[in-house]
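# Structural overview
Letter by letter, the chains look like this.
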Amino acid sequence: MRIERAVRQLALGAIILAASACASPTPYQPAIDGYGYSDRALSENRVEVIFHGNMWTAQEDVERYLLYRAAEIAERESAPAFRVADQETEIEEIIVPDPCHSPYYLTYFAYSITEVEEEFVARAEIELLRAPPVTPDAGIFETNTVLSDLADCTGY
C-alpha cells in the first residue's frame, strides 16, 4: 500500500514539474490560442491592435509588444509615424485550481483550493500618419524609431 502511494505521489510530482517547465511568458507572436497579437482595420488610416499575454507575461512586456506591433503595421502601410488615439490595459483574473486539493476536503478543512492569476490585455486604436510630426507630440511615435528601439525587446 505504501509503495502504491509513493508511486502515485511521484507520478503527480512529475506531472506538476513537467507542466511548470512548459510555463513561460507569451512571446511576441501572432495570436495562438488567444495569446499574442492581433489587429483589425477600422478605417483606411485606423487600426485596432491587441496583445494578450498569459499569466507569466509582465504588463510592461504586453504594452511593449503592442507598441511594437503598431509600428510594424505602420511600416507595412508606409506610414512614417502613428498616433495612439486610444489605449487601455485590462487585467483579466484567471482562477487556477490547485491540483493537490479537492473540494472534498472543504468538508473538513477551510483552506483555499484555488489561486487567482492575472493576465494583461493591452488594446490600442492607432492612427497612421502620412508625415512625421514637426514638433514633439504626446502619443505620436515615429515608426522607425519604435522598431529599432524595441527590436531587442521583442526578439526580432
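## Let's talk about the nonpolar core
Among the nonpolar cores identified, the biggest contains 24 residues, and Phe51, Phe82, Ile126 and Leu128 are the most heavily contacted of them. Broken down by secondary-structure element, the contributors of at least two residues to this core are β2 (46-52), α2 (59-76), β4 (114-129) and α3 (143-154). Among the elements that take part in this core, α2 stands out by supplying eight residues, more than any other.

## Looking at the pairing of β2
Burial analysis of β2 places six of its seven residues in the buried class, which makes it a mostly covered element. In the sheet, strand β1 (residues 36-41) pairs with β2 via six bridges, with the strands oriented antiparallel. Paired with alanine 41 across the strands is valine 47, a residue of β2. Where β1 folds back on β2, the antiparallel hairpin that results is connected by four residues.

## A look at unusual backbone geometry
The backbone phi angle of aspartate 33 is positive, close to 55°, even though this residue is not glycine. With respect to the secondary-structure elements, aspartate 33 resides in the loop between α1 (2-22) and β1. One non-glycine residue, serine 78, lies in positive phi territory at about 60°.

## Description of the packing of aromatic side chains
Applying the stated criterion across every chain yields a total of five aromatic pairs. Residues tyrosine 28 and tyrosine 65 carry aromatic rings whose centres are separated by 5.7 Å and whose planes lie at 70° to one another, so their mutual orientation is edge-to-face. Separated by 37 residues along the polypeptide, tyrosine 28 in the loop between α1 and β1 and tyrosine 65 in helix α2 bring together distant segments of the chain. Just as tyrosine 28 is buried, tyrosine 65 falls in that class too. Arranged with centres 5.0 Å apart and planes meeting at 65°, the rings of phenylalanine 51 and tyrosine 65 form a pair that is edge-to-face. A residue pair is termed long-range when its members are at least 10 positions apart, and phenylalanine 51 in strand β2 and tyrosine 65 in helix α2 qualify at 14 residues. Of the residues examined, phenylalanine 51 reaches a relative accessible area of 0% and is grouped as buried. For tyrosine 65, a relative accessible area of 9% corresponds to the buried category. Ring pairing ties together the aromatic residues Tyr28, Tyr37, Phe51, Tyr65 and Tyr68, which thus form one cluster.

## Observations regarding the packing of α2 against α3
Remark: α2 packs on α3, axes separated minimally by 9 Å, with the N-to-C direction vectors making an angle of 135°. By the angle between their axes, α2 is oblique relative to α3. Relative to α3, α2 is oriented so that their crossing is left-handed. Taken together, the residues of α3 that come into contact with α2 (itself represented by Arg64, Tyr65, Leu67, Tyr68, Ala71, Glu72, Ala74 and Glu75) are Thr143, Val146, Leu147, Leu150, Ala151, Cys153 and Thr154.

Here is what the cut-offs are and how they apply
Residues numbered from 1 in each chain as written. Predicted model: local features only at pLDDT ≥ 70, side-chain atom pairs only at ≥ 80, totals over all residues. Heavy atoms only, no water. Core = buried A, V, L, I, M, F, W, Y, C linked by side-chain atoms within 4.5 Å. Buried < 20%, exposed > 50% of the residue type's maximum accessible area, 1.4 Å probe, protein only. Helix = DSSP H or I, 4+ residues; strand = E, 2+ residues; numbered from the N terminus. Pairing = 2+ DSSP bridges. Phe/Tyr/Trp six-rings, centres within 6.5 Å; stacked < 30°, edge-to-face > 60°. Axes fitted to C-alpha atoms, helices over the stretch in contact; angles between N-to-C directions. Parallel < 35°, antiparallel > 145°, perpendicular 65-115°, else oblique. Left-handed = near helix turned anticlockwise from the far one by under 90°. Contact = heavy atoms within 4.5 Å.

Note that all results are geometric; they support no functional claim without further evidence.
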